[in-house]
Amino acid sequence: LEESHSAAVIDAVCRQREAIGLIPYLEETPPLVEGLACVPFYDDHFYGAIAQSNELSRYQTISLKTLANCPIVAYQLDENCSNFFLKVAEQNGLQPDVRYIANHMDAYIQIIQSGKAVGIFSRMFIANHPKLRTLSGVSFVKLKEPIHVQVGYVYQTSKTAKEQLLLKELAGVLKNCL
């Protein structure tokens, strides 16, 4: 299970609606309820989504400082994508110029395509949203700095040894798919 909100993923695994869930986090594993565990298995990183009409879209990489000085559109997701970027920028003494907040992916994309602001995406988010991979008029420029987002899988610790082994194998398959 992979949802926009980490809390929903944790709740689904806790209530046994799902056997495994993926959650992103920066440095520390998010707080989990008793009986759940989180195993990190993937380091993700950020890309700036920049309209091709913007000269910055021609670069292979871009610095955190340069991107933070651009007008930013934030996408309202719990502990994900834009919000991670904003948190990391602030930790590095930067105050991103957030001019827009989008609550729907189509609105977010339209603002980026219009050139009014740049968006922020993680590699995993791009990989899991086919619409983004074929987006016209937008370039994805990798951040120069090694800002990583850890992605972990959440599972119930009360599983049998055989079930836990199966979940670890599943996590390996997921990692190879990314």
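You'll find the structure just up there.
Residues numbered from 1 in each chain as written. Predicted model: local features only at pLDDT ≥ 70, side-chain atom pairs only at ≥ 80, totals over all residues. Heavy atoms only, no water.

### Structural notes on the overall build of the protein
Within the protein, the secondary structure is distributed over seven helices and eight strands. Each of the 178 residues in the protein was classed as buried or not, and the buried ones make up 46%. Sequence-distant contacts in the protein: of pairs separated by 6 or more residues, those separated by 24 or more amount to 73%. Roughly 9500 Å² of accessible area belongs to the protein as shown, and the carbon and sulfur atoms make up 49% of that amount. (Helix = DSSP H or I, 4+ residues; strand = E, 2+ residues; numbered from the N terminus. Buried < 20%, exposed > 50% of the residue type's maximum accessible area, 1.4 Å probe, protein only. Contact = heavy atoms within 4.5 Å. Areas by Shrake-Rupley, 256 points an atom, 1.4 Å probe, with all protein chains shown as cover.)

### Things to note about the environment of Tyr 75
Considering the arrangement of structural elements, one finds Tyr 75 in strand β4 (residues 71–75). The spacing of Tyr 75 and Ala 102 is 27 residues in sequence and 5.1 Å in space, taken between C-alpha atoms.

### A few points about the side chain of Ser 57
Structurally, Ser 57 can be placed in the loop between β2 (36–51) and β3 (61–62). Since its relative accessible area comes to 9%, Ser 57 is described here as buried. A polar side-chain atom of Ser 57 sits 3.3 Å from the main-chain carbonyl oxygen of Gln 52. Every residue in contact with Ser 57, bar those within four places of it in the chain, is listed here: Ile 50, Ala 51, Gln 52, Ser 139 and Val 141. (Polar contact = N/O pair within 3.5 Å; in protein donor to acceptor, adjacent residues only side chain to side chain.)

### Some details on the nonpolar core
Leu 67, Phe 85, Met 105, Tyr 108 and Phe 121 are the most contacted members of the largest nonpolar core, which has 35 residues in total. Counting residues per element, the ones that place at least two in this core are β2, α2 (64–68), β4, α3 (81–91), α4 (105–114), β6 (119–122), α5 (123–127) and β7 (138–143). If one sorts the elements of this core by residue count, α4 sits on top with five residues. Apart from residues no more than four positions distant in its own chain, Met 105 is found in contact with Tyr 75, Phe 121, Phe 125 and Leu 132. Residues Ile 23, Leu 36, Cys 38 and Val 154 belong to the second largest nonpolar core, which totals seven residues. (Core = buried A, V, L, I, M, F, W, Y, C linked by side-chain atoms within 4.5 Å.)

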